Each structure stands twice: as structure tokens, then as C-alpha cells.
Amino acid sequence: MTSKTIAQIRNEAAASLSPKRQQQWEQFLTPMPVAEQAVGLFTPTDDPVRILDLGSGSGILSAVTASRSASGSSVVAIEQDTELARASESSLRQVCDDVEVINKSVFDVLLDARFDRVILNPPYKKISPTVISTSGGGVKVTNLYTAFLVMAIQAMDDGGECVAIIPRSWMNGDYFKDFRKWMLNECSLDVLAVYGSRHEHFKDMNILQEIMLVKMSKRQQAEKVTVYAEASPVEPLEDQPHESVALKALLMGRDRIVRVRQQDPRLSGFKTMADQGLWVSTGKLVWFRNRDVLSDVEDPNGHPLYWSDNQNGMMTLHPVECDREQWVTEKADTRNIVLPAGSYCLVNRFSAKEQQRRIHASYLHSGVEFVADNKLNYVHQGTSRHTVPLDDRVARGLTLWLSSSIVDEWYRQVSGSTQVNATDLRQLPCPSKAQLAVLADSLPVDNDVSQSRIDETIGRLFSWVQAS
Ligand SMILES: C[S@@+](CC[C@H](N)C(=O)[O-])C[C@H]1O[C@@H](n2cnc3c(N)ncnc32)[C@H](O)[C@@H]1O
């Protein structure tokens, strides 16, 4: 009955947002099909529930929740925009008698842990690292949505449930490491539903990130997490393909990276890159801080400089025709950016959406000391403080391994973004150095080698496919 009216209030609010405020406060309002799917994740109950909506916008999320809850339920909605707070009030008054809309920032409201249902689609903006205080001390957040989530999780009563519409970025990478560890300690992760194609679901909101639904609850970790790796809002979630997986099978490493699929069993026999003694570091040249050492011409005492432009298929070429300087002058020697001569595998840190592969690895053998731009990662066998080049065969074998389809698939399951993080790569399953050297002997690192040859050679080497 009222759903349509709530949807109308949402659509009118969406149409009348001031562009400046929309940008500033990230007012991307949830469309009704996504709201219904999110609310559908709450466990049905005949008991009245206390509902909390953080950054409530038009109030769509808590209103749909309240419309499906027993009479006697109550809602607290917090929204800092006065117009939207008013819209929240109108939506909520239609479905619930006990409504409090607080027109403030969520960070200025003291909330007790008394809510049975917490729902939110928070702003997604990056912020400078901030520690939010919690009962156990504090948790470092680098993004508004995780700051909201920390508040949401703390507001749950025992047995309470929280559903959030958030980007997928918290599941991997270094920035969200502290949040992940805190969150997984604090509550049970119950459902993950990643929307495959992001544009479709927030069509009128121009959202570019990969969005997902997460359901958590204030109880012991559930035995199985329900995972929808490619959800769509057009049909009920329960009719869509999903897996029930023990949380352990989704978590990786000490940084608690959360995957959306169980690992391909063909990779289960391998240790991680870090455990194989292969360390991923980020190139040390930040160009705008080192403008004065960049050079278009070779300085006899300077060094070659590598950018992602120098990656050419599986090879790394130098110098190349591009609009970036190909050398640094000898002044670079005082800046702690120069790497020792030897063999490495370079990996891009950013890929374009349209690029076929996320990971672009290229083999580098440099007979002289060199510098790598910080948009490149480089793999070596030292530590985070000390770079030690790879054995040449290992560098070549690793380039082939990182160019395989199975590795690209693995990475896509770990990360929804086009960035390639060193933290994630360190958790990548990888053959031993000796096996990588054998791989290098089996196939040249050469741009004439096709993808299918790389995949077949690797498959044969590790007995995934029968030798013909
Ligand atoms: C992504 S929108 C989602 C709105 C609504 N929950 C929905 O799903 O349609 C985030 C909302 O949070 C509000 N907001 C942003 N920062 C806030 C803050 N610090 N405190 C309260 N609300 C905030 C914005 O005005 C906006 O309405």
C-alpha cells in the first residue's frame, strides 16, 4: 500500500536535490527495488522492533523496514540535511506511529546499543584516517561509510541485525584492514550480496562504484555466510544463485581479506606469494615530489625510470616513446628511490575498466640501478624495507604465472575495483620459486606467447590438464 508513496517521496526528493549538496553530502538515494531487497535480508519476526536508519535521506530504508514490522515498532532516523529529514518524517509517518527524525550529523548523536534493526546507505566519501572510539578502544577508518558502519554495528542490541548498502571496497586492500578486523570480531557476517553491474541499480544516481548489500548481526559468527557473488535487484535474492560458505573459507591472511567466492580448488595447494618469499612493493617515485630529477635525456650518472608506459605485454621496454621522462638524474641517489640492478616482475597498480585483464605483469631485467614510478608495484625477494632482486628464472616464471587466466580470475574475486593492491597480491596463491623457475624453462616470456599457451603450460605443469 504505502510502498508506492514512499517510492514517490524518494523520487521527488531525488529530483529536487541541490547538485552542490548532493555532491558534498553524497546524497545518492536508494531506488525502491534495492531498498526492498536490502530490507528483505532482515529475519522476519512477529515482535515489534526498534529500527535505526543512519543518513536516512528520504527515509526509504527505515520506512520499508517499518512497513514490514509488527505494530508497536519504532524508528529513529538521523539525517543532517533539513529537507531530507523532512522527507524522512513524511515517509515514516505513513508506516509507523513511533518515529523520531533527528536532523543532525550521526557523529553528533549519542546512540545506545538498543536497536534490533539497523539499516543504512551511508555516504561513501574518503576521509583522512580517523579513529572512532569503540568500547574496545578505537578503530581507524579512512572512509565515511566505514565510519557509519562502526556506529551502526555498535548501535545493535544483542541479537540485533544490521543491513548496509555499501561499496565493495572494504573487503580487500590495506585501507580497510583495521575496520575489517574490528568488524569481524564484533559481529557475525551473515550475508554478502554483490551487485554485478553497478550502473543498473542506481540508474538515476550516477553511482560508479561496485555496490553490495551486507547483513551483519550481533551474535556469534553464523556457521555459514550466504554469498550472492552476482546479485541483481530485479528478482528476489532467494531465487538467485548463491553459496553458503563457512566464513573461514572466505577469509585470507592476517589482513582478513574477504573473498566473494571460495578459492578455486586448483589453487589450494599453493602458499601465498608472501609465504613463498616473494614481496610486493610499490615503486618509490612520486613524480610531483621529484619533478627536479626527471629527465628526457640520459644522464651518464643517472638511472632509467620505469612507468606503466614501459610495460609492453609481458616485457618491460626502455626507453619508450611516451610523454613521460625516461630517466632520472644522479640527484635521485639522495632520495631513497633507487632500486638495485637485477631481475624483477613489475605489476600495474591501476587498470582501466575496459582492459581485459586486471593484473598486468611484465618481466624486467635491469643491468643497472633504476627507479620505478609509484603507479607500479615490483616483486622482489626482500622485505618492505630492503629490496632484493629475484633470480632471473623466478622473475620470468612469476611474470608468466601472474599473466595466467586463473590468477586474473582470483584477483577479480578478491577485488571489485580496478586497482591492484600490493596487500592483496601478497595473499595470491603462488608456486614456489623452484616451480616458477621450471615454468620459465617451459615457456619464453615473449609477447608472441598466447594466453591459451600460458594457461595450458601452467595447467600441464601443475597437472590440471592432462599432457597430450
Ligand atoms: C547515500 S545517501 C542515502 C540516503 C538514504 N539512506 C537512502 O538510502 O536513500 C546518504 C545520506 O546521508 C546523509 N548524510 C551525509 N553525511 C551525514 C552525516 N554526517 N550525518 C547524517 N546524515 C548524513 C546525506 O544527506 C544523505 O541523505
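Predicted model, so just to flag it, every value in this text is computed and none were measured.

Calculation rules
Residues numbered from 1 in each chain as written. Predicted model: local features only at pLDDT ≥ 70, side-chain atom pairs only at ≥ 80, totals over all residues. Heavy atoms only, no water. Near = heavy atom within 4 Å. Polar contact = N/O pair within 3.5 Å; in protein donor to acceptor, adjacent residues only side chain to side chain. 1 Å grid on protein atoms, 1.4 Å probe; cavity = no way out; pocket = protein on both sides within 12 Å on 5 of 7 lines; lining within 4 Å. Sits in = over half its atoms within 2 Å of the grid points. Nonpolar A, V, L, I, M, F, W, Y, C, P; charged D, E, K, R; others polar. Phe/Tyr/Trp six-rings, centres within 6.5 Å; stacked < 30°, edge-to-face > 60°. Helix = DSSP H or I, 4+ residues; strand = E, 2+ residues; numbered from the N terminus. Buried < 20%, exposed > 50% of the residue type's maximum accessible area, 1.4 Å probe, protein only. Pairing = 2+ DSSP bridges. Salt bridge = Lys/Arg side-chain N within 4 Å of Asp/Glu carboxyl O. Points joined across faces, edges and corners; volume = space filled by probe spheres on them. Domains from an automatic or database assignment. Contact = heavy atoms within 4.5 Å. Buried area = accessible area lost by both parts, 1.4 Å probe. Axes fitted to C-alpha atoms, helices over the stretch in contact; angles between N-to-C directions. Parallel < 35°, antiparallel > 145°, perpendicular 65-115°, else oblique. Left-handed = near helix turned anticlockwise from the far one by under 90°. Expected span 1.5 Å × (residues − 1). Arc of directions from axis to C-beta.

Asker: Help me out: how do you make sense of the site of the ligand in this one?
Answerer: In the region of the ligand, 22 residues are neighbours, and T30, G55, E79, V106 and N121 sit closest. In this structure, G55 approaches the ligand through a main-chain N or O atom, which is 2.7 Å from a nitrogen atom. V106 places a polar main-chain atom, nitrogen or oxygen, 2.9 Å from a nitrogen atom of the ligand. In a pocket analysis with a 2 Å cut-off to the grid points, the ligand is assigned to the second largest pocket. Class assignment for the residues of the shell around the ligand results in eleven nonpolar, eight polar and three charged.

Asker: Teacher, can you tell me more about the packing of aromatic side chains here?
Answerer: Working definition: an aromatic ring pair is given by the centre-to-centre distance plus the angle between the planes. Across all of its chains, the model carries 13 aromatic pairs by this definition. Here the aromatic rings of W170 and F179 are separated by 6.4 Å at their centres, their planes lie at 90°, and the arrangement is edge-to-face. With a centroid separation of 5.6 Å and an interplanar angle of 85°, the aromatic rings of Y306 and F370 are classed as edge-to-face. In this pair, Y306 is assigned in strand β17 (residues 303-306) and F370 in strand β24 (residues 370-372), connecting sequence segments 64 residues apart. Accessibility expressed as a relative area gives 0% for F370, which makes it buried. Linked through ring pairs, Y306, Y344, F370 and Y378 together constitute an aromatic cluster.

Asker: How do you make sense of the pairing of strand β8 (residues 188-195) when you look at a structure like this?
Answerer: In regular strands, side chains alternate between the two faces of the sheet. Burial of β8 is extensive: eight of the eight residues sit out of reach of the surface. Across six bridges, β8 lies against strand β9 (residues 211-217) in antiparallel orientation. Considered in β9, the bridge of V191 is made with K215.

Asker: Is there a simple way to think about the sheet that holds strand β16 (residues 294-295) in this case?
Answerer: In any sheet, the strands associate via hydrogen bonds between backbone groups, in a parallel or an antiparallel arrangement. Here five strands make up an open sheet; going across it, the order is β16-β20-β17-β24-β21 and the pairing mixed. Of all the strands in the sheet, the pair left with one neighbour each is β16 and β21 (338-339). In this sheet, strand β20 (residues 327-328) lies alongside β17 in antiparallel orientation, the contact comprising two bridges. Note on β20: the bridge partner recorded for P304 is W327.

Asker: Which parts of the structure should I look at to understand the pattern of salt bridges?
Answerer: As a working rule, side chains carrying opposite charge can pair if their charged atoms are close by. In the structure shown here, the tally under the stated rule is 21 salt bridges. Where R335 meets D292, a salt bridge forms, and the shortest distance between an N and an O atom there is 2.7 Å. Pair noted here: R335 is in the loop between β20 and β21 and D292 is in the loop between β15 (279-282) and β16, with a separation of 43 residues, a long-range link. Classification of R335 as partly exposed rests on a relative accessible area of 28%. A salt bridge links D309 to R324, with the nearest nitrogen and oxygen atoms 2.9 Å apart. Of the two residues, D309 is situated in the loop between β17 and β18 (311-312) and R324 in the loop between β19 (315-316) and β20; the sequence distance between them amounts to 15 residues. Look at D309 and you get partly exposed, because its relative accessible area is 30%.

Asker: What am I meant to see in helix α3 (residues 32-39) here?
Answerer: Residues separated by three or four positions in an α-helix point in the same direction, a consequence of the helix having 3.6 residues per turn. Here α3 lies mainly inside the structure; six of its eight residues are buried. All buried positions along α3 are accounted for by M32, V34, A35, Q37, A38 and V39.

Asker: Any chance you could explain the layout of surface pockets here in plain terms?
Answerer: By volume, the second largest pocket amounts to about 360 Å³. Lining the second largest pocket are 27 residues; nearest its centre among them are W25, G55, E79, P123 and F148. Broken down by secondary-structure element, the contributors of at least two residues to the lining of the second largest pocket are α2 (19-25), α4 (60-67) and α6 (144-155). Split into classes, the residues belonging to the lining of the second largest pocket amount to 13 nonpolar, ten polar and four charged.

Asker: Before we go on, may I ask you to explain the domain arrangement of the chain in this structure?
Answerer: You can read the domains of the chain as domain 1 (3-255) and domain 2 (271-461). Listed per partner, the contact involves nine residues of domain 1 and eleven residues of domain 2. Note on domain 1 versus domain 2: buried area summed over both sides is about 840 Å², and carbon and sulfur give 45% of it. Applying the counting criterion to the domain 1 and domain 2 interface returns four residue pairs in polar contact (both at pLDDT 80 or more). Split into classes, the residues belonging to the side of domain 1 that touches domain 2 amount to one nonpolar, three polar and five charged.

Asker: What should I look at first to understand the packing of α3 against α4 in this one?
Answerer: Helix packing for two helices is described by the angle between their axes and how far apart those axes are. In contact at an axis separation of 9 Å, α3 and α4 are set at 50° when each is read in the N-to-C sense. Accordingly, the angle class assigned to the pair α3 and α4 is oblique. α4 is crossed by α3, and the crossing has right-handed handedness. Contacts between α3 and α4 involve M32, A35, E36 and V39 from the former and I60, L61, V64 and T65 from the latter. When its residues are assigned to classes, the contact of α3 with α4 shows six nonpolar, one polar and one charged.

Asker: Looking at this structure, I do not really get unusual backbone geometry. What am I missing?
Answerer: Generally, phi is negative for residues other than glycine and the peptide bonds are trans, each holding for most cases. For the bond running from H318 to P319, omega is -10°, close enough to zero to count as cis. Along the chain, P319 turns up in the loop between β19 and β20. For E26, which is not a glycine, the phi torsion comes out positive at approximately 55°. Its place among the elements puts E26 in the loop between α2 and α3.

Asker: What is the right way to look at helix α5 (residues 82-93) in this model?
Answerer: The end-to-end C-alpha separation of α5 is 16 Å, in line with the 16 Å expected for twelve residues at 1.5 Å each. Taken together, the buried positions of α5 are L84, A85, A87, S88, S91 and L92. Buried residues of α5, viewed axially, fall in a sector of 155°; they line one side. Away from its buried face by more than 90 degrees, α5 exposes E83 and R86. Backbone nitrogen of E83 and a side-chain oxygen of the N-cap are separated by 2.9 Å at the start of α5; the cap is D81.

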